[in-house]
Amino acid sequence: MRSSLGHFWDFCCCAPTPSRRGALVIGNGTYAEAGTLANPVNDALDIADKLRSIGFEVIEGNDLGKHALERSIGEFSDALEGAGVGLFYYAGHGLQVEGRNYIVPVDARLDMPVKLQLEAVPIDEVLDIMEQQTKVSLVFLDACRNNPFARGLSRTASTRSAAALAGLAQFDSTRGSFIAFSTAPGAVAMDGSGRNSPFAQALLRHIAEPGQSINDMMIAVRRDVASQTRDAQRPWEQGSLLERFEFVPGERPEKTPAPATSPAPSTQVATIERSVGDHKSAIGKFLRDDYLSPDVKDMRTAVRRLYGPSATIFGTPYDAETLVKVKSDWFAQWASWSLGLEPGSLEITPHGESSAQAVLAMNYDYRPKDKSAAPVAGKARVTLELVKTDKEWRIVSETSRAM
């Protein structure tokens, strides 16, 4: 869990409420017996940050062995007590045997089917935990990557029914659940050539759109993934929700449905990436000169320089006046402080010509005015959603976690 002193804007604490939303986010990429997948950990880190930014309380774990994975599921079960919504996101290797889906821990040794119960974790057990404790259960599985475990188990299976099959199988859907797969049942998904898999990238792009139902979100995700993979991969879902669910409630402007289009030409994608890429130095300067060095003597100007008319901090929306007060109170407790950008850590992901996500590692060191109190120092991973207005970048969403 993130520290409440992770960095200088980390000032929000959310009290438990009946509508509280909890999430477990797992990314397994470095396998002892199956090599390394490039993107699951990146996918999990980014999804966790995005969920925090829209109000979820997140438990996360990456490159987990069997025992660590089971502990995380146990913590998740405890955390869901009194929650209204539970969400499970998994990226990494998964497989199906006899119609049942399994998460593959990074220390798994699956050389024969008899070891499956000892080495892997059934996904339906996680779903059962959520359905018993929450009204709404959401599962997102980017776990259909080309899987050497499935091939090995199939070779050693004594019967056809025990063979491990490619991709994942449908679940026996029960009440109040929504299960999204990165590709169709039995099919194989792509790991991705950039920072994220095609599925995670599309999910990050659409999950925080206000007023959008989860069903409409999946249509947008499916359209993006099909376009990016030239129709080689199509996300799929099944569900039994009893009411409409929105990740970010609100009014959504009416839109004319876009006509079906062919995949965006590579030249168009390159133009968008280059447009934001050309501004990486400007974003870096903005972060170093303003975000990491705010003028605490004139906080009103600092807020106006850093943020738009409003911003969402750890899932809570703030107007500019409230931000001024909260940040002024924050700095009032420190005799001195320093913040720094870890060299080489800044990553910019374009979302169009005038918006981008910035991810960075930030060093912080706070010295309290109370000399009996200990200094607060460390490193945090910061995720910022940025928009460009009047030729200047502004923050519209912010979250961080201690590293």
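As the structure is a prediction and not an experimental result, all values here were calculated from the model. In this numbering scheme, every chain counts its residues from 1 along its sequence in written order. Restriction of local features to residues with pLDDT of at least 70 applies here, the model being predicted, together with a cutoff of 80 or more for giving and counting side-chain atom pairs; totals for whole chains, interfaces and linings are based on all residues. Calculated side-chain values reflect all of the structure's heavy atoms, with hydrogen atoms and water omitted.

Details of unusual backbone geometry
Note the following rule: Numbering of helices and strands runs from the N terminus; a helix is a DSSP stretch of H or I covering at least four residues, while a strand is a stretch of E covering at least two.
The backbone of Asp63 shows a phi angle near 50°, a positive value even though the residue is not glycine. Within the secondary structure layout, Asp63 lies in the loop between β4 (57-62) and α2 (66-79).

A look at helix α9 (residues 280-291)
The line we're drawing: Each residue's exposure class comes from its accessible area (1.4 Å probe, protein chains only) as a fraction of the maximum for that residue type: buried when under 20%, exposed when over 50%, partly exposed otherwise. We call two residues in contact whenever any of their non-hydrogen atoms come within 4.5 Å of each other.
The complete set of buried residues in α9 reads Ile283, Gly284, Phe286, Leu287, Asp290 and Tyr291. Those residues of α9 that are buried are in contact with α10 (299-306), β13 (307-313), β16 (347-350), β17 (355-368), β18 (376-389) and β19 (392-402).

Here we look at the sheet that holds strand β5 (residues 85-91)
As a reminder of what qualifies: DSSP bridges decide pairing: two strands pair if at least two such bridges lie between them. Inter-axis angles, ranging from 0 to 180 degrees, are taken between N-to-C directions of lines fitted to C-alpha atoms, where helices are fitted over the stretch in contact.
A sheet is described by the order of its strands in space; here 6 strands give the open sequence β4-β1-β5-β9-β11-β12, paired in mixed fashion. The two strands at the open ends of the sheet, each matched to only one other strand, are β4 and β12 (236-239). Strand-to-strand twist of the sheet, defined as the mean angle between neighbouring strand axes without regard to direction, takes the value 10°. Two elements, strand β11 (residues 177-181) and β12, share 4 bridges in a ladder whose sense is antiparallel. Bridging from a neighbouring strand, Ile179 pairs with Gln238 of β12. Strand contacts of α2: β1 (21-27), β4 and β5, with the helix running at about 170° to β1, the strand carrying the most contacts. Sheet strands touched by helix α6 (residues 198-206): β5, β9 (136-142) and β11. Its angle to β9, the strand with the most contacts, is close to 140°.

With respect to α10
Applied cut-off: Directions are taken from the helix axis to each C-beta atom, and the arc is the one they span.
Listed as buried for α10 are Met299, Ala302, Val303 and Leu306. The buried residues of α10 occupy one face: seen down the axis, they fall within an arc of 95°. Looking at the packing, one finds that the buried side of α10 touches α9, β13, α11 (320-332) and β19.

Thoughts on the pattern of salt bridges
Selection rule: Salt bridges are counted wherever a side-chain nitrogen of Lys or Arg sits within 4 Å of a carboxyl oxygen of Asp or Glu.
Tallied over the full model, the rule gives 21 salt bridges. In this structure, the salt-bridge partner of Arg300 is Glu321, at a minimum N-O distance of 2.7 Å. Note that Arg300 is positioned in helix α10 and Glu321 in helix α11, a separation of 21 residues in sequence. For Asp329, the salt bridge identified is with Lys325, shortest N-O distance 3.1 Å. Placement of both Asp329 and Lys325 in helix α11 is noted, with a separation of 4 residues, approximately one turn of the helix. By relative accessible area, which is 56% here, Lys325 ends up exposed. Via salt bridges that share partners, Asp46, Asp49, Arg52, Glu60, Arg195, Glu347 and Arg381 belong to a single interconnected network.

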